[in-house]
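One-letter residues, chain by chain:
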Amino acid sequence: RILFSNVLGDYSGKAQCDLENLPVGTYPARVHYNGNENYNEADDDDVFHVIKLETAVNVTADDIKVGEEEEITVEFAPEEAPGQLTITVTDSDGNVVHTENVTPVNGKASIIVTGLKEGTHNVTVSYPGSQNYTNCSNSTTFNVGRSTPNVSLDSDDIKVGDDETITVTVPD
């Protein structure tokens, strides 16, 4: 397919052709010089490639305690890349405990995950790519630990022979 064809008049020894919005692919290029009173005809061929734009994703998750919510935040670039990201959370045994598709807004997305059990969890965020953008993925880990309960013991000093009530407070 011919993308550009032109016979140039006065070009002062150099000519250029600007090609805009080419889709991803491989393109042959060919030039033919007709020659003049000082030069013979000449031809040259080349091939150029329009490659996909690189994408990148970063994911963060903080350590939490059992019963707390985990907020997973994602930064994705470039912002204009179309499509969704898939966020997958697995437990320490490799079992998927949560998966969610999100569409980044201004290159950012976040989700809340609840009900996580104690242990190390892995978060993987993946982008499948598109016609003009590469695929990418990234992962991080976070720990869900046990909470330290507030336990209290309340007692008073007594004299020999007196009765004492000791009050103990533990979480429900």
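Scroll up to find the structure this text is about.
Here the structure is a predicted model, which is why all the values come from computation and not from measurement.

The rules behind these values
- Residues numbered from 1 in each chain as written.
- Predicted model: local features only at pLDDT ≥ 70, side-chain atom pairs only at ≥ 80, totals over all residues.
- Heavy atoms only, no water.
- Helix = DSSP H or I, 4+ residues; strand = E, 2+ residues; numbered from the N terminus.
- Buried < 20%, exposed > 50% of the residue type's maximum accessible area, 1.4 Å probe, protein only.
- Contact = heavy atoms within 4.5 Å.
- Areas by Shrake-Rupley, 256 points an atom, 1.4 Å probe, with all protein chains shown as cover.
- Lys, Arg positive; Asp, Glu negative; His and termini not counted.
- Charge placed at Lys NZ, Arg CZ, Asp CG, Glu CD.
- Core = buried A, V, L, I, M, F, W, Y, C linked by side-chain atoms within 4.5 Å.
- Phe/Tyr/Trp six-rings, centres within 6.5 Å; stacked < 30°, edge-to-face > 60°.
- Patch = residues over 30% accessible without salt bridge, like charges linked within 9 Å, V, L, I, M, F, W, Y side chains within 5 Å.
- Salt bridge = Lys/Arg side-chain N within 4 Å of Asp/Glu carboxyl O.

S.K.: So what's going on with the overall build of the chain? Which residues, and what values?
M.R.: Counting its regular elements, the chain contains zero helices and 12 strands. Reading the secondary structure of the chain in the N-to-C direction produces β-β-β-β-β-β-β-β-β-β-β-β. Expressed as a percentage of its 172 residues, the buried residues of the chain come to 21%. Across the chain, every contact between residues at least 6 apart in sequence was considered, and the portion connecting residues at least 24 apart equals 49%. Approximately 12900 Å² of the chain is accessible, and the part contributed by carbon and sulfur atoms is 45%. Positive and negative charge centroids in the chain, built from 9 and 30 side chains respectively, lie 4 Å apart.

S.K.: So what about the nonpolar core? Which residues, and what values?
M.R.: The biggest cluster of nonpolar side chains holds 23 residues, and the ones touching the most others in it are Ile72, Val74, Ile87, Val123 and Val125. When contributions to this core are tallied by element, the ones reaching two or more residues are β3 (56–61), β5 (70–77), β6 (85–90), β8 (108–113), β9 (119–127) and β10 (136–145). The contact partners of Val74, leaving out residues within four places of it in the chain, are Val57, Asn58, Val59, Leu85, Ile87, Gly107, Lys108, Ala109 and Val125.

S.K.: Can you tell me about the packing of aromatic side chains, naming the residues and giving the values?
M.R.: Two measures describe an aromatic ring pair: the distance that separates the ring centres and the angle between the ring planes. This structure, assessed with the given rule, holds two aromatic pairs. The interplanar angle of 55° and the centroid separation of 4.7 Å between the aromatic rings of Phe76 and Tyr127 together place this pair among those described as tilted. Of this pair, Phe76 sits in strand β5 while Tyr127 is found in strand β9, placing the two residues 51 residues apart along the sequence. Each member of the pair, Phe76 as well as Tyr127, carries the same accessibility label: buried.

S.K.: Outline a negative patch on the surface, supporting the account with residue identities and numerical values.
M.R.: A surface patch of negative charge is lined by Asp62, Asp63, Glu69 and Glu71. Mapped onto the elements of the fold, Glu71 is located in strand β5. Taking relative accessible area as the criterion, Glu71 reaches 44% and is therefore assigned partly exposed.

S.K.: Describe the pattern of salt bridges, and please don't skip the residues or the numbers.
M.R.: As a working rule, side chains carrying opposite charge can pair if their charged atoms are close by. Evaluated as defined, the whole model comprises four salt bridges. For Arg30, the salt bridge goes to Asp43, with nearest N and O atoms at 3.8 Å. Taken together, the residues Arg30 in strand β1 (residues 25–33) and Asp43 in strand β2 (residues 42–50) connect sequence positions 13 residues apart. Taking the relative accessible area as the measure of exposure, Arg30 reaches 58% and is therefore exposed. Each of Arg30, Asp43 and Asp45 takes part in salt bridges that share partners, so that together they form one network.

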